[in-house]
Amino acid sequence: MKRVFVTGMGAVTPNAIGIEEFTTALKNGVNGVGPITSFDASNSNVKIAAEVKNFNPELYMNKKDARRHDKFVQFAMAAAKMAADQAHLQDKNFDPDRVGVFASTGIGGIHMFETEHNTCNESGPSRVSPFLVPMMICNIASGCIAMEYGLNGPNFCIVSACASSLHAIGEAYLKIAHDECDIMVCGGSEAAIIELTVGGFAKMKALSTRNDEPEKASRAFDKDRDGFVMGEGAGMLVLESEESAKRRGSTILAEIKGYGASADAYHLTAPHPDGVGAAKAIKKAIALNNFPIENIDYVNSHGTSTPLGDIAEMKALRLALGEENYKKPIVNATKSMIGHLLGAAGAVGTIATVIQMQNGFIHPNRNLDNIDSELTDFNLAPNHYMEHQINAALVDSFGFGGHNATLLVTRV
């Protein structure tokens, strides 16, 4: 198998836009959660979310294209442009037939769907926008990125709920590792903070209702956690083979060393309580290139802040790493600052991992005031910035339906 490197990254998140701002936000523990502004949430049980602030799509595409894209595509195109610029894809010094795109989402253009559904009900089907279908379908972000950069390689959208973008990165990694592609643009995007989806998650009792203290609502591993906070945004990466990176003179940011995927085959929405499915994905990621388990020193957790999910994930980590190793890696949750970006969460978690790895720090576990009694034997990062050199990291993402994905990333 070929070695695969990260050579470009882009992020649009609730606490920052761009890698430089995101780095600063991670260091300072900047919280992106607040009252919902995208719709009137006065009648909702959940009135908080992690919304992207001050985003101008016309900085990344022309005004006409921006009007024809749902917000999840706007976010994806913005993050892809940042990653492509860093990797100098604009130089076109590659074979376009060997460059592909896997841009994923969990929900897709739900904002456009809601808007045009209302139009249809109020004014009839003749008033529905001709852009409804291309604006709402999940694969359109992947197609648009390929069109923007003239990339003719494999192109599709993996939809696996909250594991979507990590599956996209993992499958992109395999395309390069198996010499089917030289370069892959991959990641995910989500923009689902609308009344319908917030109402749906709230009805499931999945969301935090800490409406009076939004900045304290996302609190992974804390005993007082009461659900996740919906977020939005995008994370995109450029992955590249060693040969391509050398030929093009790309700056290497990190190396992808392994990828694992599995299914719980247990429940529609709940994780397996013993974490056995997630543990299989973690084990596969480590075993793919026979990486020494004892060298793993950091985990960017799925860490959603749900009562069941946090416990199940830590049980999975213990199962996968073994009793002699599970206490070593420091574990934090990027979602404690930016909420849960659903289908984009894994990509943004990967980017946060590379940023910490490059800059020698561990970002805070925001709101971890009182560790859950079942988790006190794990090496959970504190609620403050700490300097620490990460050498080998796991990134976890798990989705409704029992979908599990883990990535192994190492410092170069």
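Student: Teacher, can you tell me more about the pairing of strand β8 (residues 233-241) here?
Tutor: Side chains on a regular strand alternate between the two faces of the sheet. With respect to burial, β8 is a largely interior element, nine of its nine residues being buried. What you see with β8 is no split at all: Gly 233, Gly 235, Leu 237, Leu 239 and Ser 241 on one side and Ala 234, Met 236, Val 238 and Glu 240 on the other are buried throughout. Of the strand pairs in this sheet, strand β1 (residues 4-13) and β8 are connected by eight bridges, and their pairing is antiparallel. Note that in β8 the partner of Val 6 across the bridge is Leu 239.

Student: I keep staring at unusual backbone geometry and nothing clicks. Help me out?
Tutor: Leaving glycine out, the prevailing phi sign among residues is negative, and the prevailing peptide bond configuration is trans. You will see that Lys 92, though not glycine, has its phi angle at about 55°, which is positive. Mapped onto the elements of the fold, Lys 92 is located in the loop between α3 (71-86) and β5 (99-104). One non-glycine residue, Ala 265, lies in the positive phi region at around 50°.

Student: Explain the pattern of salt bridges here, please?
Tutor: Between side chains of opposite charge, a pair can form when the charged atoms approach closely. Scanning the entire structure with this criterion turns up 21 salt bridges. Lys 175 is the salt-bridge partner of Glu 180, the closest N and O atoms lying 3.0 Å from each other. In this structure, Asp 224 and Lys 223 form a salt bridge, with 3.3 Å as the shortest nitrogen-oxygen distance. A cluster of three or more residues bridged by salt bridges with shared partners is formed by Arg 3, Glu 242, Lys 246, Glu 255 and Lys 257.

Student: It is not clear to me how the packing of helix α1 (residues 19-28) against helix α13 (residues 345-359) should be interpreted in this structure. Could you clarify?
Tutor: Relative orientation of the contacting elements α1 and α13 amounts to 75°, with a least axis distance of 10 Å. The orientation of α1 relative to α13 falls into the category roughly perpendicular. Within the contact between the two elements, α1 uses Ile 19, Phe 22, Thr 23, Leu 26 and Lys 27 and α13 uses Val 348, Ile 351, Ala 352, Ile 355 and Asn 359. Its residues placed into classes, the contact of α1 with α13 shows seven nonpolar, two polar and one charged.

Student: Any chance you could explain the side chain of Asn 367 here in plain terms?
Tutor: Within the secondary structure, Asn 367 is located in the loop between β12 (361-362) and β13 (386-387). Exposure remark for Asn 367: the relative accessible area of 4% places this residue in the buried category. Leaving out residues up to four positions away in the same chain, Asn 367 has contacts with Asn 31, Glu 215, Lys 216, Ala 217, Ser 218, Arg 219, Asp 222, Ser 336 and Asn 383.

Student: I tried to follow the packing of aromatic side chains on my own but got confused; where do I start?
Tutor: Here the distance between the centres and the angle between the planes together describe a pair of aromatic rings. If you walk through the whole model with that rule in mind, you get seven aromatic pairs. Consider the rings of Phe 55 and Phe 75, whose centres lie 4.9 Å apart with planes at 80°: the pair is edge-to-face. In this pair, Phe 55 is assigned in the loop between β4 (48-49) and α2 (63-67) and Phe 75 in helix α3, connecting sequence segments 20 residues apart. Summarising the aromatic geometry, the rings of Phe 201 and Phe 228 are spaced 5.5 Å apart at their centres and angled 75° between planes, so their arrangement reads as edge-to-face. Residue Phe 201 is found in helix α8 (residues 195-203), and its partner Phe 228 is found in the loop between α8 and β8; the two are separated by 27 residues along the sequence.

Student: How should α8 be read in this particular structure?
Tutor: Count 3.6 residues to each turn of an α-helix, and residues three or four apart come out pointing the same way. Among the residues making up α8, those that are buried are Thr 197, Val 198, Phe 201 and Ala 202. Considered in projection along α8, the buried side chains sweep an arc of 135° and stay on one side of the axis. In the core, the buried residues of α8 are packed alongside α4 (110-123). In the segment just after α8, Lys 205 is the residue with positive phi, at about 65°.

Student: Help me out: how do you make sense of the nonpolar core in this one?
Tutor: Side chains of nonpolar character tend, in soluble globular proteins, to be buried together. Residues Met 9, Phe 22, Leu 237 and Leu 239 are the most contacted members of the largest nonpolar core, which totals 51 residues. Grouped together as the second largest cluster of nonpolar side chains are 37 residues, Val 52, Val 101, Val 185 and Ala 191 included.

Student: I'm lost on a positive patch on the surface in this one. Help?
Tutor: On the surface, Lys 63, Lys 64, Arg 67 and Arg 68 cluster together into a patch of positive charge. In this structure, Lys 64 sits in helix α2.

Student: Please clarify how the side chain of Asp 70 should be interpreted in this entry.
Tutor: Position of Asp 70 among the secondary structure elements: in the loop between α2 and α3. Leave out the neighbours within four places in its chain, and Asp 70 touches Gly 108, Gly 109, Ile 110, His 111, Met 112 and Met 135.

Student: Can you help me understand the packing of helix α7 (residues 164-177) against α13 in this one?
Tutor: Helix-helix packing: each pair is described by the crossing angle between the helix axes and the interaxial distance. Where α7 meets α13, the closest approach of the two axes is 5 Å, and the angle between their N-to-C directions is 65°. Here α7 contributes Ser 165, Leu 166 and Ile 169 to the contact with α13, which in turn contributes Ala 345, Gly 346, Ala 347 and Thr 350. A per-class count over the contact of α7 with α13 returns four nonpolar, three polar and no charged.

The rules behind these values
- Residues numbered from 1 in each chain as written.
- Predicted model: local features only at pLDDT ≥ 70, side-chain atom pairs only at ≥ 80, totals over all residues.
- Heavy atoms only, no water.
- Buried < 20%, exposed > 50% of the residue type's maximum accessible area, 1.4 Å probe, protein only.
- Helix = DSSP H or I, 4+ residues; strand = E, 2+ residues; numbered from the N terminus.
- Pairing = 2+ DSSP bridges.
- Salt bridge = Lys/Arg side-chain N within 4 Å of Asp/Glu carboxyl O.
- Axes fitted to C-alpha atoms, helices over the stretch in contact; angles between N-to-C directions.
- Parallel < 35°, antiparallel > 145°, perpendicular 65-115°, else oblique.
- Contact = heavy atoms within 4.5 Å.
- Nonpolar A, V, L, I, M, F, W, Y, C, P; charged D, E, K, R; others polar.
- Phe/Tyr/Trp six-rings, centres within 6.5 Å; stacked < 30°, edge-to-face > 60°.
- Arc of directions from axis to C-beta.
- Core = buried A, V, L, I, M, F, W, Y, C linked by side-chain atoms within 4.5 Å.
- Patch = residues over 30% accessible without salt bridge, like charges linked within 9 Å, V, L, I, M, F, W, Y side chains within 5 Å.
- Areas by Shrake-Rupley, 256 points an atom, 1.4 Å probe, with all protein chains shown as cover.
- Lys, Arg positive; Asp, Glu negative; His and termini not counted.
- Charge placed at Lys NZ, Arg CZ, Asp CG, Glu CD.

Geometric values such as these leave the question of function open.
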